[in-house]
Amino acid sequence: MDLDGQLILVDKAPEWTSFDVVNKLRYALRVKKIGHAGTLDPLATGLLLVGVGKYTKRLGELQGLDKTYEGEIEIGKTTPSYDLETEFDSETDSSHITEDQIYQAAARLSGDLEQIPPTYSAVRVGGERAYKAAREKRDIKIQPRHVTVYAFDITGIDGSIVSFNIKCSKGTYIRSMASDFGEELGVGAYLKSLRRTSIGDYEVKDAFPIEYWVEKYRVS
């Protein structure tokens, strides 16, 4: 089957990096030109767009599309990575936080924002990836970036667990959204789970696990 110019919609599983997915497909499909449009953190799941052959030229425009996510934030606890990749480093009683305060915090984090990406991220600072300096416990200064959060909807509250849907512009870090959410509430927070549900008009309901694509296109 000729894969040149194909776009593959992968439903990424947890623990896989976006590079892992591309690498797996590269070897299974025996293609040289392959890439993805928009990194997903290892612990996140959901839609990853993978371009093959001539389609790699279009990945830049796909990266610029708006994205939607669903997930859970736990308030009252923090981690250095803003998710479960690192151990908890603080815990604060959040039992006094009201539902109204939660909705107001989400509203304040909607619209045009100046967001600082996580130190545990692939952002380059002085020519190196920020996560490298973070893992080596070196202090770095990451510059804020302009992002737009079109919607930050609270979909459920169960004790300290807050469920949400977010629609945002490219370059938005949902882990930073979780951390900033905790700061707004004064008790800290981290991203407990995350799933990307769409990129532009592409939706995760139309995607398949990597095993499906490997079996469909595998070159024997």
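Enquirer: Explain unusual backbone geometry here, please?
Expert: With glycine set apart, most residues show a phi of negative sign, and most peptide bonds adopt trans. For Glu15, which is not glycine, the phi dihedral falls at a positive 80°. Along the chain, Glu15 turns up in the loop between strand S1 (7-12) and helix H1 (18-29). Residue classification places Glu15 among the exposed residues on the basis of a relative accessible area of 60%. Of note in this structure, Arg30 is not a glycine but carries a positive phi near 55°. Mapped onto the elements, Arg30 comes out in the loop between H1 and strand S2 (34-36). In this structure Arg30 comes out as exposed when scored by relative accessible area, which is 59%.

Enquirer: Could you clarify how one ought to interpret the packing of helix H3 (residues 99-108) against helix H5 (residues 174-185) in this entry?
Expert: A pair of packed helices is characterised by two quantities: the angle between their axes and the separation of those axes. Close contact between H3 and H5 brings their axes to 9 Å; oriented N to C, the two are set at 125°. With respect to each other, H3 and H5 are oriented oblique. When you trace H3 past H5, the crossing you get is right-handed. Where H3 approaches H5, its residues Gln101, Ile102, Ala105, Ala106 and Arg108 are matched on the opposing element by Phe181, Glu184 and Leu185.

Enquirer: Looking at this structure, how should I read the side chain of Thr197?
Expert: Mapped onto the fold, Thr197 is located in strand S12 (residues 189-199). The exposure class of Thr197 is buried, given its relative accessible area of 19%. Of the polar contacts made by the side chain of Thr197, one reaches the side chain of Thr68; its length is 2.7 Å. Discounting residues that sit within four places of it in the chain, Thr197 has contacts with Thr68, Tyr69, Glu70, Tyr202, Glu203 and Val204.

Enquirer: Please explain helix H6 (residues 210-217) as it appears in this structure.
Expert: Helical geometry note: an α-helix holds 3.6 residues per turn, so side chains three or four residues apart project in the same direction. Those residues of H6 that sit buried are Ile210, Trp213, Val214 and Tyr217. Seen along its axis, H6 keeps its buried residues to an arc of 100°; they face one direction. Among the exposed residues of H6, those oriented more than 90 degrees off its buried face are Glu211 and Glu215. Residues of H6 that are buried sit in contact with S1 and H1.

Calculation notes
Residues numbered from 1 in each chain as written. Predicted model: local features only at pLDDT ≥ 70, side-chain atom pairs only at ≥ 80, totals over all residues. Heavy atoms only, no water. Helix = DSSP H or I, 4+ residues; strand = E, 2+ residues; numbered from the N terminus. Buried < 20%, exposed > 50% of the residue type's maximum accessible area, 1.4 Å probe, protein only. Axes fitted to C-alpha atoms, helices over the stretch in contact; angles between N-to-C directions. Parallel < 35°, antiparallel > 145°, perpendicular 65-115°, else oblique. Left-handed = near helix turned anticlockwise from the far one by under 90°. Contact = heavy atoms within 4.5 Å. Polar contact = N/O pair within 3.5 Å; in protein donor to acceptor, adjacent residues only side chain to side chain. Arc of directions from axis to C-beta.

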